[in-house]
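So the chains spell out like this:
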There are 2 protein chains.
Amino acid sequence: MTRSAGAVAAEGPVAADAARARSVLTRCRGLVRPALAEAVGTLHPWIGRIAGYALGWSDAAGTPAPGASEGKGLRGALAVLGAEAVGAPGESAIPAAVAVELVHTFSLLHDDLMDGDTTRRGRTAAWRAFGTGPAVLAGDALHALAVRTLAEAGGPASPAAVRRLCATLTTLVAGQADDLLLEHRPWAGPEAVPPEEYRSVAERKTGVLLGCALALGAELAGAPDESVTALDRAGRHLGIAFQAVDDLLGIWGDPALTGKPVGGDLRRGKKTRPVLAALADGGPESRELAALLGRSAPMDDRTAARAATLAEAAGGLAATRDEAHRHLEAARTQLRAARLHPAPARDLEALIGSLFHRSR
Amino acid sequence: MTRSAGAVAAEGPVAADAARARSVLTRCRGLVRPALAEAVGTLHPWIGRIAGYALGWSDAAGTPAPGASEGKGLRGALAVLGAEAVGAPGESAIPAAVAVELVHTFSLLHDDLMDGDTTRRGRTAAWRAFGTGPAVLAGDALHALAVRTLAEAGGPASPAAVRRLCATLTTLVAGQADDLLLEHRPWAGPEAVPPEEYRSVAERKTGVLLGCALALGAELAGAPDESVTALDRAGRHLGIAFQAVDDLLGIWGDPALTGKPVGGDLRRGKKTRPVLAALADGGPESRELAALLGRSAPMDDRTAARAATLAEAAGGLAATRDEAHRHLEAARTQLRAARLHPAPARDLEALIGSLFHRSR
């Protein structure tokens, strides 16, 4: 049943792009990581330990444990590439890169708690490992540290960059609020969640931070407004595509790679794009899926597998793959409009393509 | 057993000052409230409802319910007075006042949850009324909105003001972390909490935001660095005195006025200044108090009353009152050093005096 997002998305061969994307991420992490570690090192030691765990740098006891639990550093890389794409050195984006990585980690800490998610990247979620209160406090610390890092970056564009980050944070929180409220909406009927509403939540929960990352890198480098705006828009579309791929992986992804249980989003009754699209179809598979989701008993492996098959048969996979394709294309259109320097633009293109073909 | 802080602190008659303080708070709330309501009005409606409840403006259903549950607006008033004291109109401090009131409300939302406090100003704490996740999210929203409000204030001093607020936020979080860790410390022995450590936590948990409020008002108004620094220091001392009065009220305050149960801090085994001082005394009352606190059964009314009597007999009340006096005097010394305009300086003096004589 499970597949990689690449197989799910069924695009052409991308081996060269994948290698370039990996090397871009590695290079950007190398640029950003020392400053990120320095910022985290200023935290209260106890909070710093929780932050180190949430960043995937150490285990719950604080022992360094680099590996699969560390994030890809996508947002930091987008900030670096945003600067390079407008002709500035990647180093100029480091405060922006640190800020967006901290915001991302803060939001994972608090969202996992709110969503009741007990695992993250194959490990116990921080709120389960350290307790609710400490996880809330560590999130607060990273939130504050993110803005502080950018506010102390200096330079003529720093105040505008801080305003952009603050606007992003308020939008992120509103997006998370709407996401939590989706839980209480019915699966079908006039109160069901229409695709455009789901897309708007995805843009605010995921897209605004990717857009902010790209835009901040360019903004700190003094790029013209049109380029900054185009990069912001590209990131928002990318976020919608990213969420669509997440939704595909959440149902059809390989648990060994995603670190999430088989059909995890289906078991939890999570309202994701594939399920909403499949239920809107109304055919026999759609109705059988609705009946499975309507049961009060928790889904076993067999039922979750059946639900995934039905969601695919009712068009949920295809609709979500189309959504991802469409917004990936829209992101590419915006990047072309931003008139970027060719080499970093190719890096960005490779990175974006790889997000579509990721398996975790 | 219960007394007002005024009676506990045993200062001279202050009727005129109390009236002046009340009128200062009312005037400042009148200045700040419309902008605060406007800022809260930009939040996601669901989050706005939780924020309205946390601010004491409405009940849990969102119905306006002004009254005793509303905060005094102390931090906003300090920002306004900080501006007026350096010769600027109070209006110039409104973004600072809104920001510090939002930070205060954010910290109450998250701290009540972390501390397990189920009531706040005589009502159910927000995390019990709305759930943990929503309370975390509402706190995040107010945190972000606070910085955004100040970042969008404009003016030449806005970036420095944002940096000050960010530094305050990181210190507040570290102070809360240390406060949570105090819980796990023993009551006596070499690992017991010494007074200077308790004071440092009080400064970071309470003092920095009061100092920030006073300093931000002056800073946005373009005051010289020496005045801004003196105001910041005054606020920090004020915060230590404020916490000492809080500790007195938490044991000897009138539950009808504080909205907290009789001897609440003693029942919860909270490490406060009076108890730490009483236990450090080592005499017979001190030893009896230690025995009561060491019991695993929850304290009934009679035991809590006995513990309060013992804490007073062992010098806990006097030591804490002295601490409050000392830091109130230190705050006054800093205010004199700041060379403030006389009329707003008198307002500040009245307000500070009233904090010492408050009963809730």
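What comes next is a walk through the structure. These figures come from a predicted structure and were not determined experimentally. (Residues numbered from 1 in each chain as written. Chains lettered and ligands numbered in written order. Predicted model: local features only at pLDDT ≥ 70, side-chain atom pairs only at ≥ 80, totals over all residues. Heavy atoms only, no water.)

### A few points about the overall build of chain A
Alright, step 1. Of regular secondary structure, chain A possesses 17 helices and two strands.
Alright, step 2. Against the compact-globule benchmark of 21 Å for 360 residues, chain A has a radius of gyration of 20 Å, which places it among compact chains.
Alright, step 3. Looking at chain A as a whole, 57% of its 360 residues are labelled buried.
Alright, step 4. Relative to all contacts within chain A whose residues are 6 or more apart in sequence, the contacts with residues 24 or more apart total 74%.
Alright, step 5. Just so you have it, chain A exposes about 13700 Å², and 53% of that area is on carbon and sulfur atoms.
Alright, step 6. Within chain A, the 40 negative side-chain charges are centred at a point lying 2 Å from the centre of the 40 positive side-chain charges. (Helix = DSSP H or I, 4+ residues; strand = E, 2+ residues; numbered from the N terminus. Rg over C-alpha atoms; globule rule 2.2 N^0.38 Å. Buried < 20%, exposed > 50% of the residue type's maximum accessible area, 1.4 Å probe, protein only. Contact = heavy atoms within 4.5 Å. Areas by Shrake-Rupley, 256 points an atom, 1.4 Å probe, with all protein chains shown as cover. Lys, Arg positive; Asp, Glu negative; His and termini not counted. Charge placed at Lys NZ, Arg CZ, Asp CG, Glu CD.)

### Focus on the relation of the copies chain A and chain B
Alright, step 1. The transform that puts chain A on chain B rotates by 180° and translates by 0.0 Å along the axis, for an RMSD of 0.0 Å. Within this description, the copies of the chain are treated as partners about a two-fold rotation axis. For chain A, the residue whose C-alpha comes nearest the rotation axis is Pro159 of chain A, separated from it by 3.0 Å.
Alright, step 2. Here 100% of the interface residues in chain A have copies in chain B that are interface residues too; the copies meet face to matching face. (Least-squares fit on C-alpha atoms with pLDDT ≥ 70 in both.)

### Things to note about the pattern of salt bridges
Alright, step 1. Evaluated as defined, the whole model comprises 44 salt bridges over all chains.
Alright, step 2. Among the salt bridges present, the one from Arg20 of chain B reaches Asp347 of chain B, with a minimum N-O distance of 2.7 Å. Of this pair, Arg20 of chain B sits in helix H2 (residues 15–41) while Asp347 of chain B sits in helix H17 (residues 342–356), and the two are 327 residues apart along the sequence.
Alright, step 3. Using a relative accessible area of 11% as the deciding quantity, one classes Asp347 of chain B as buried.
Alright, step 4. The salt bridge partner of Glu323 of chain B is Arg273 of chain B, with a shortest N-O separation of 3.3 Å. Here Glu323 of chain B is found in helix H16 (residues 316–337), whereas its partner Arg273 of chain B is found in helix H13 (residues 273–281), with 50 residues between them in sequence. In terms of burial, Glu323 of chain B and Arg273 of chain B fall into one category: buried.
Alright, step 5. Among the charged side chains, a salt-bridge network with shared partners connects Arg164, Glu203, Glu219, Asp232 and Arg236 of chain A. (Salt bridge = Lys/Arg side-chain N within 4 Å of Asp/Glu carboxyl O.)

### Considering the interface of chain A and chain B
Size of an interface: often given as the accessible area lost when the parts come together.
Alright, step 1. Facing 34 residues of chain A, the contacting portion of chain B comprises 34 residues.
Alright, step 2. Surface buried jointly by chain A and chain B totals about 2800 Å² across both partners, of which 81% is contributed by carbon and sulfur atoms.
Alright, step 3. Summed over the shared surface of chain A and chain B, the result is zero salt bridges.
Alright, step 4. At the boundary of chain A with chain B, the tally comes to seven residue pairs in polar contact (both at pLDDT 80 or more).
Alright, step 5. Listing elements by their share of the side of chain A that touches chain B, those giving two or more residues are helix H3 (45–54), helix H5 (94–115), helix H7 (132–151) and helix H8 (158–182) of chain A.
Alright, step 6. Considering every element that reaches the side of chain A that touches chain B, the biggest residue donor is H8 of chain A, with 14 residues. (Buried area = accessible area lost by both parts, 1.4 Å probe. Polar contact = N/O pair within 3.5 Å; in protein donor to acceptor, adjacent residues only side chain to side chain.)

### Observations concerning the packing of helix H13 (residues 273–281) of chain A against helix H14 (residues 284–294) of chain A
All names here are of chain A.
Alright, step 1. Contact geometry of H13 with H14 gives a least axis separation of 7 Å together with a crossing angle of 125°. With respect to H14, the element H13 is oriented oblique. Between H13 and H14 the crossing geometry is left-handed. Contacts between H13 and H14 involve Val275, Ala278, Leu279, Ala280 and Asp281 on the former and, on the latter, Ser286, Leu289, Ala290 and Leu293. (Axes fitted to C-alpha atoms, helices over the stretch in contact; angles between N-to-C directions. Parallel < 35°, antiparallel > 145°, perpendicular 65-115°, else oblique. Left-handed = near helix turned anticlockwise from the far one by under 90°.)

### Comments concerning unusual backbone geometry
For residues other than glycine, phi is negative in most cases, and the peptide bonds are mostly trans.
All names here are of chain A.
Alright, step 1. A positive phi angle is found at Arg121, which is not glycine, with a value near 50°.
Alright, step 2. By secondary structure assignment, the location of Arg121 is in the loop between strand E1 (119–120) and strand E2 (123–124).
Alright, step 3. Residue Arg121 is classed as partly exposed on the basis of its relative accessible area, which comes to 27%.
Alright, step 4. Look at Arg339: it is not a glycine, yet its phi comes out positive at around 50°.
Alright, step 5. Within the element layout of this structure, Arg339 appears in the loop between helix H16 (316–337) and helix H17 (342–356).
Alright, step 6. Judged by relative accessible area, which is 74%, Arg339 ranks as exposed.

### Remarks on the side chain of Glu84 of chain B
Residue and element names in this part refer to chain B.
Alright, step 1. Checked against the element boundaries, Glu84 lands in helix H4 (residues 74–85).
Alright, step 2. Take Glu84: its relative accessible area is 16%, and that puts it in the buried class.
Alright, step 3. Within the local environment of Glu84, its side chain forms a polar contact with the side chain of Arg27, the two groups lying 2.8 Å apart.
Alright, step 4. What Glu84 contacts, discounting residues up to four positions off in sequence, is Arg27, Pro89, Gly90, His341 and Pro344.

### What about the nonpolar core?
Alright, step 1. Formed by 182 residues in total, the largest nonpolar core has its most connected members in Leu78, Leu150 and Leu165 of chain A together with Leu78, Leu150 and Leu165 of chain B.
Alright, step 2. The residues touching Leu165 of chain B, leaving out its near neighbours within four places in the chain, are Ala99, Val103, Ala146, Val147, Leu150, Cys212 and Leu216 of chain B. (Core = buried A, V, L, I, M, F, W, Y, C linked by side-chain atoms within 4.5 Å.)

### Structural notes on helix H5 (residues 94–115) of chain B
Residues and elements named next belong to chain B.
Alright, step 1. A rise of 1.5 Å per residue sets the reference length of H5, with its 22 residues, at 32 Å; its end C-alpha atoms lie 31 Å apart and thus fit the reference within 8%.
Alright, step 2. With respect to burial, H5 is a largely interior element, 21 of its 22 residues being buried.
Alright, step 3. Backbone geometry just downstream of H5 places Gly116 in the positive-phi region, at approximately 70°. (Expected span 1.5 Å × (residues − 1).)

### Details of the packing of helix H10 (residues 225–252) of chain A against H17 of chain A
All names here are of chain A.
Alright, step 1. Packing of H10 against H17 leaves a shortest axis separation of 9 Å and a crossing angle of 30°. What the angle tells us is that H10 and H17 run roughly parallel. Here H10 contributes Leu238, Phe242 and Val245 to the contact with H17, which in turn contributes Ile352, Leu355 and Phe356.
Alright, step 2. Counted by class, the contact of H10 with H17 contains six nonpolar, no polar and no charged residues. (Nonpolar A, V, L, I, M, F, W, Y, C, P; charged D, E, K, R; others polar.)

### Quick notes on the side chain of Glu70 of chain B
All names here are of chain B.
Alright, step 1. Structurally, the position occupied by Glu70 is in the loop between helix H3 (45–54) and H4.
Alright, step 2. Take Glu70: its relative accessible area is 15%, and that puts it in the buried class.
Alright, step 3. Among the polar contacts made by the side chain of Glu70, one reaches the side chain of Arg33 at a distance of 3.1 Å.

So yeah, pure geometry; function would need other evidence.
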